[in-house]
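Next come the chains, spelled out residue by residue.
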Amino acid sequence: MSRSCHVALIGQKFMGRAHSNAYRQAPVFFDLPMRPVLHSIAARNAEELAAFATQWGYPNHTTRWRDFAKDEAIDLVDVATPNDLHAEPSIAMLEAGKHVACEKPLARTLDEARTMRDAAKKSRRRTFVWFNYRRCPAVAFAYRLVREGRLGDIRHVRATYLQSWGGPDTPLLWRFKKKYAGSGAHGDLNAHIVDMARFLTGDEITEVHGAVSRTFVKERAIPGPVKRGAKKTGKSDVDDALLFLASFRGGAVASFEATRVAPGHLNANTMELNGTKGSLRFDFEDMDVLQFHDATVPDREQGWKRIICTSAGNHPYAEAWWPDAHGLGYEHGFTNMVADMMRVLGGEAPEVPLPDFADAYETQRVLEAAVISARERTAIRMREVK
Ligand code: NAI
Ligand code: SOE
């Protein structure tokens, strides 16, 4: 019989819902050594909390997330709040002896990320970071193909994360304020693709050669009702787009592009790996598909194959879900991640490696190097970014 892991979640909006769903689904679909049990939900909006707790099945709710530290029944605290509220609860809960799962980007700044990494190390508790795209079927399959040597030596990584929702009509949400978000499209979107590039290649970036950052929309409407006489707009002080070039230790060159102002691109999280023996292409907008070009077959048979990753033969979570040939969606990446977290907490290996705070700190170093590179208009060696 599996043991229970009592989960307390901070944040009840977008990610609060995605994570709650994942904790509910994982033990139903997967056979796990540890069973997540929803214990408590914390968020700011007291009026919405009770209804949320009832709807999702949390027996307890509170506006005081700090109380979780004192509750001995809680095993894992999940931090699904804006980026300014990642470090403080993560560190407090690690110090209280809880395991912690934190949303990405790990932190607003590298300094903050370092304190989180160090607290995790000191606590000897488990930490997890919600880089959920690692667990999309096609990405998990790409990971396998790279490990099997099907690409040979990787020479070129092309990663983009393009979205379109950040035009001038979008109000001044927390995502557009540096004090809450740390950065704009960069921390929000490049964080995912830097993680995915490091994860898929198994390699580390050694240098950022150059970066360019732009804020196109500098003033945005203040959301919600504005008091009479008060300012109706405020300053956006984060990037709307940030692009950079980099090199990996193994010799591959790489490009990363993040933007929120690319009309027509809704959630275009794409990754292309080109190696000496073949190439792979992934696009989240067609998330169950992996494109593979095998350069070792005779010339006359060469071409891109469109592999629909819906079978146990090509992705490791398939058997838990539907019969072969039935696809997965956005929410499954989170549920697959909870399944792997519970495996790790139950003493088993995850299907696909999980990022912890130390791993996410390495991603944050790359993000920091790109910020410095854009600001100073110069190349930055990773060994200079500690
Ligand atoms: P959101 O704005 O939809 O929700 C934020 C939640 O945090 C709200 O429930 C709010 O009440 C709560 N909150 C804020 N301050 C609080 C406080 N002081 N005490 C208690 N609760 C507080 O934000 P969203 O989109 O859910 O983003 C949260 C985090 O998840 C961010 O770090 C974001 O980068 C990340 N994210 C990750 C995604 C992924 O693909 N892994 C997707 C979307 C967001
Ligand atoms: C908004 O840009 C957002 O929700 C990000 O915060 C997520 O991390 C990304 O996965 C989807 O888009």
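Parameters at a glance
- Residues numbered from 1 in each chain as written.
- Chains lettered and ligands numbered in written order.
- Predicted model: local features only at pLDDT ≥ 70, side-chain atom pairs only at ≥ 80, totals over all residues.
- Helix = DSSP H or I, 4+ residues; strand = E, 2+ residues; numbered from the N terminus.
- Rg over C-alpha atoms; globule rule 2.2 N^0.38 Å.
- Buried ≥ 20, exposed ≤ 12 C-beta atoms within 10 Å, placed from the backbone.
- Pairing = 2+ DSSP bridges.
- Contact = placed C-beta atoms within 7 Å.
- Axes fitted to C-alpha atoms, helices over the stretch in contact; angles between N-to-C directions.
- Domains from an automatic or database assignment.
- Near = placed C-beta within 6 Å.
- Nonpolar A, V, L, I, M, F, W, Y, C, P; charged D, E, K, R; others polar.
- Parallel < 35°, antiparallel > 145°, perpendicular 65-115°, else oblique.
- Left-handed = near helix turned anticlockwise from the far one by under 90°.
- Expected span 1.5 Å × (residues − 1).
- Right-handed = clockwise from strand over helix to strand, strands pointing away.
- Core = buried A, V, L, I, M, F, W, Y, C linked by C-beta atoms within 7 Å.

**Details of the overall build of the protein chain**
Then, in step 1: Across its full length, the protein chain holds nine helices and 17 strands.
Then, in step 2: In summary, the protein chain has a C-alpha radius of gyration of 21 Å against a globular reference of 21 Å for 386 residues, a match within 12%.
Then, in step 3: With respect to the principal axes defined by its C-alpha atoms, the protein chain has extents near 65 × 60 × 40 Å.
Then, in step 4: Counting all 386 residues of the protein chain, 49% fall into the buried class.

**Section: the sheet that holds strand 13 (residues 268-275)**
Then, in step 1: Taken in spatial order, the nine strands make up an open sheet running 16-15-14-13-7-12-11-8-17, and their pairing is mixed. Of all the strands in the sheet, just strand 16 (304-308) and strand 17 (380-381) have a single pairing partner and so form its edges.
Then, in step 2: Pairing geometry for strand 8 (residues 205-214) and strand 17, over two bridges, is antiparallel. In the strand pairing of strand 17, E207 is matched with R381.
Then, in step 3: Across the sheet, helix 9 (residues 357-376) is in contact with strand 8, strand 11 (241-248) and strand 17; its angle to strand 8 comes to roughly 55 degrees.

**Observations regarding the domain arrangement of the protein chain**
Then, in step 1: What the domain assignment reports for the protein chain is domain 1 (3-132) and domain 2 (136-328 + 340-376).
Then, in step 2: A separation of 23 Å is found between the C-alpha centroids of domain 1 and domain 2.
Then, in step 3: Counting residues at the interface gives 31 residues for domain 1 and 30 residues for domain 2.
Then, in step 4: At the level of elements, strand 1 (3-10), helix 1 (14-29), strand 2 (34-42), strand 5 (99-102), helix 4 (110-123) and strand 6 (127-129) are the ones that each hand at least two residues to the side of domain 1 that touches domain 2.
Then, in step 5: Tallying contributions element by element places helix 4 first for the side of domain 1 that touches domain 2, with six residues.

**Some remarks on the packing of helix 5 (residues 137-147) against helix 7 (residues 185-201)**
Then, in step 1: Running from N to C, helix 5 and helix 7 cross one another at 35 degrees; their axes reach a closest spacing of 8 Å. Together, V139, A142, Y143 and V146 of helix 5 and M196, F199, L200 and T201 of helix 7 make up the contact between the two elements.

**Some thoughts on the site of ligand 2**
Then, in step 1: Surrounding ligand 2, one finds Q163, D188, H192 and N267.
Then, in step 2: Its residues assigned to classes, the shell around ligand 2 shows no nonpolar, three polar and one charged.

**Topic: the site of ligand 1**
Then, in step 1: The local shell around ligand 1 holds 22 residues, among which G11, K13, F14, M15 and E103 are the closest.
Then, in step 2: Per-class residue counts for the shell around ligand 1 are ten nonpolar, seven polar and five charged.

**Brief notes about the sheet that holds strand 4 (residues 76-79)**
Then, in step 1: Ordered by their spatial adjacency, six strands build an open sheet running 3-2-1-4-5-6, and the pairing between neighbours is parallel. The open sheet has two edge strands, strand 3 (60-62) and strand 6, and neither has a second partner. Taking the axes of each pair of neighbouring strands and ignoring which way they run, one obtains an average angle of 25 degrees across the sheet.
Then, in step 2: The strands touched by helix 1 are strand 1, strand 2 and strand 4; relative to strand 2, the strand with the most contacts, the crossing angle is about 150 degrees.

**Looking at the packing of helix 1 against helix 8 (residues 330-345)**
Then, in step 1: Put simply, helix 1 and helix 8 touch, their axes get as near as 8 Å, and they point 60 degrees apart. When the axis of helix 1 is compared with that of helix 8, the two are oblique. Every pair of crossing elements has a handedness; the one defined by helix 1 and helix 8 is right-handed. Where helix 1 abuts helix 8, its residues A18, H19, N21, A22, Y23, Q25, A26 and F29 lie against E331, F334, T335, M337, V338, A339 and M342.
Then, in step 2: Here the residues of the contact of helix 1 with helix 8 sort into ten nonpolar, four polar and one charged.

**Here we look at helix 1**
Then, in step 1: Over its 16 residues, helix 1 extends 22 Å from the first C-alpha to the last, a length consistent with the 22 Å expected when each residue adds 1.5 Å.
Then, in step 2: The inward-facing, buried residues of helix 1 contact strand 1, strand 2, helix 2 (46-56), strand 4 and helix 8.

**Quick notes on the pairing of strand 13**
Then, in step 1: Burial of the side chains of strand 13 is restricted to one face: N269, M271, L273 and G275 are buried, whereas none of A268, T270, E272 and N274 on the reverse face is.
Then, in step 2: With eight bridges connecting them, strand 7 (residues 154-162) and strand 13 associate as antiparallel partners. Looking across to strand 13, one finds that H156 is bridged to N274.
Then, in step 3: Pairing analysis gives five bridges linking strand 13 to strand 14 (residues 278-283), with the strands arranged antiparallel.

**Focus: the pairing of strand 1**
Then, in step 1: With eight bridges joining them, strand 1 and strand 2 adopt parallel strand pairing. The partner of L9 across the bridge, within strand 2, is I41.
Then, in step 2: Taking the sense of rotation as the criterion, the β-α-β connection linking strand 1, helix 1 and strand 2 turns out right-handed.

**Quick notes on the nonpolar core**
Then, in step 1: Within the largest apolar cluster, 110 residues are counted, with the highest numbers of intra-cluster contacts made by A142 and A370.
Then, in step 2: Beyond its immediate stretch of four places on either side in the chain, A370 contacts H186, V208, A211, L242 and F244.

**Some words on the environment of R126**
Then, in step 1: The residue R126 is located in the loop between helix 4 and strand 6 in this model.
Then, in step 2: In sequence terms R126 and A101 are 25 residues apart; their C-alpha atoms lie 8.3 Å from each other.
Then, in step 3: Among all residues touching R126, those that are not within four sequence positions of it are H99, V344 and L345.

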